[in-house]
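Examination of the molecular architecture
The residues making up each chain are set out below.
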Amino acid sequence: MVGLLVSLNRKMAVVAAFLVIVPGLFFSVWLSSVMREPTVVIAGTTTANTVKWGIERPGGSVDLSEEAVNTFSNDEISSVFNLSIFDYDESYGGMGSQDTFCMNVTASSQASSGFIKNAYMVFEEDYGPSIFDWSESNVNWAELQNLYMKEYADFGELDSAGSEKAFARMEAVDNPQSTSFHAVAHWALYSPKNYTHLMNATLELVYFNGTVYKKLVQLIELGTHPDSNNTPETAEKIQNGTYAGNCVGGYDHHDYYSIYLTSNQKINVSVKNMFGSTWYNLYVYDLSLNQKAFDETNNYDKTIDMTADSSGYWLIEIRSLYESSCMFYALEVYS
Ligand SMILES: [Ca+2]
Ligand SMILES: [Ca+2]
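The rules behind the values
- Residues numbered from 1 in each chain as written.
- Chains lettered and ligands numbered in written order.
- Predicted model: local features only at pLDDT ≥ 70, side-chain atom pairs only at ≥ 80, totals over all residues.
- Helix = DSSP H or I, 4+ residues; strand = E, 2+ residues; numbered from the N terminus.
- Contact = placed C-beta atoms within 7 Å.
- pLDDT = per-residue confidence, 0-100.
- Core = buried A, V, L, I, M, F, W, Y, C linked by C-beta atoms within 7 Å.
- Buried ≥ 20, exposed ≤ 12 C-beta atoms within 10 Å, placed from the backbone.
- Domains from an automatic or database assignment.
- Pairing = 2+ DSSP bridges.
- Axes fitted to C-alpha atoms, helices over the stretch in contact; angles between N-to-C directions.

**Comments concerning the overall build of the protein**
In terms of regular secondary structure, the protein is built from 1 helix and 22 strands. The long-range share in the protein, meaning contacts at least 24 apart out of those at least 6 apart in sequence, stands at 75%.

What follows is the structure, given as structure tokens:
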């Protein structure tokens, strides 16, 4: 009997100790988490004007030197969010031979007075199979100044059905006045060539202005789209002027343009190479699709001078000869 009582007392003591220690542990864990990271109350959010960048979807592979830059500055904060797109490759080995844009992602931010608290970057698009991938070939894949990488994710680590493709969440070190981030990233499209992509790249910056915490949001919209001028019937209507930034080559064999000319009107049509290169020819047709002039020289720049012999919509065709490469061009038409 005495033994039973002692045993009961021991069990009650253990239970009592359990009841005291376990909630105590929970309380101390909760307390330490509260003490460690006081809640940052954001007093106001400023959203910078969205910057849009888009090009015709290239074919083959082509070196690019494109920049999409969102620059914001007021009397509290200045910040430059820059996506510098240097390459497009239809068979980029690193991404499983898929159509891939390669880019430098940089963000440089400075608080006028006060300090920067944290930075969050996220890349989102609705197209399920596409990938945005940080180039994490070594531990220090991101070059950080006054920041440390708290958490990041990209392909394979996020819900593949979701629109979030990659993110990086950084905390500032020792309340710095300025921070910077640089990393190389790959945007692999994994879509049919006629698909139009829109990727939203967002930088959210939390800073202390000397009195309160505020947030700055900078958005860059990246787009790439096919053209719709592949037949005489769907030719793009143009007038005198320069049409720059279109491409031909790769999967895109024909670019047709139509322009209204009157009989005896002189016209000069020229195609100037902007970047990339491919072999192509230049043709002009009348209303009945009779070929009236051509330039089939082996030059990346071509030109035609001619006089129209009937009134109506004449056709200009830029026809590529090879699939392995593409060329961005400026079409200039004067009549
Ligand atoms: Ca085109
Ligand atoms: Ca075309």
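**With respect to the confidence of the model for the protein**
On average, residues of the protein carry a pLDDT of 90, and 89% of them reach 70 or more. Low pLDDT (under 50) marks residues 1–6, which in the prediction has 0 contacts with non-local residues, meaning those over four places away or in another chain.

**Structural notes on the nonpolar core**
Counting 61 residues, the largest nonpolar core has M103 and A119 as its most contacted members. It is strand β5 (residues 98–111) that provides the largest number of residues to this core, a total of 6 residues. Each of domain 2 (42–225) and domain 3 (232–334) contributes no fewer than three residues to this core. Residues within four places of M103 in sequence aside, it is in contact with L83, S84, I85, F86, A185 and W187.

**Structural notes on the pairing of strand β16 (residues 254–261)**
Among the 8 residues that make up β16, 6 are buried, leaving the element largely enclosed by the rest of the structure. Strand direction decides the pairing type here: strand β14 (residues 236–237) and β16, joined by 2 bridges, are parallel. Paired with K237 across the bridge in β16 is S258. In this structure, β16 lies alongside strand β21 (residues 312–320), joined through 8 bridges in antiparallel fashion.

**Some thoughts on the sheet that holds strand β18 (residues 280–285)**
Strand order in the open sheet formed by 5 strands is β14-β16-β21-β18-β19, and the pairing between neighbours is mixed. Pairing within the sheet leaves two strands with one partner each, and these edge strands are β14 and β19 (291–295).

**A few points about the sheet that holds strand β15 (residues 241–249)**
The antiparallel open sheet is built from 4 strands, whose spatial order is β15-β22-β17-β20. On the outer flanks of this sheet lie β15 and β20 (302–307), each paired with one strand and no other. Averaged over all neighbouring strand pairs, the angle between strand axes comes to 20°, with direction disregarded. Direction of pairing for strand β17 (residues 266–276) relative to β20: antiparallel, over a ladder of 6 bridges. Paired with I267 across the two strands is M306, which belongs to β20.

**Quick look at the pairing of β19**
When β18 meets β19, the two strands line up antiparallel, connected through 4 bridges. Within β19, the residue paired with Y283 across the bridge is F294. Between the end of β18 and the start of β19, which pair antiparallel, lie 5 residues, with L289 showing a positive phi angle near 65°.

**Structural notes on the environment of L216**
Residue placement: L216 occurs in strand β13 (residues 213–225). Remark: the alpha-carbon pair of L216 and F72, spanning 144 residues in sequence, is separated by 8.9 Å.

**Brief notes about unusual backbone geometry**
For N146, which is not a glycine, the phi torsion comes out positive at approximately 60°. Relative to the helices and strands, N146 resides in the loop between β8 (143–145) and β9 (147–153). Positive phi is not limited to glycine here, since L289 has a value of about 65°. Residue placement: L289 occurs in the loop between β18 and β19.

**As for the environment of Y251**
By secondary structure assignment, the location of Y251 is in the loop between β15 and β16. In this structure, the C-alpha to C-alpha distance between Y251 and P226, residues 25 residues apart in sequence, is 10.0 Å. In contact with Y251, not counting residues within four places along its chain, are G59, K193 and E323.

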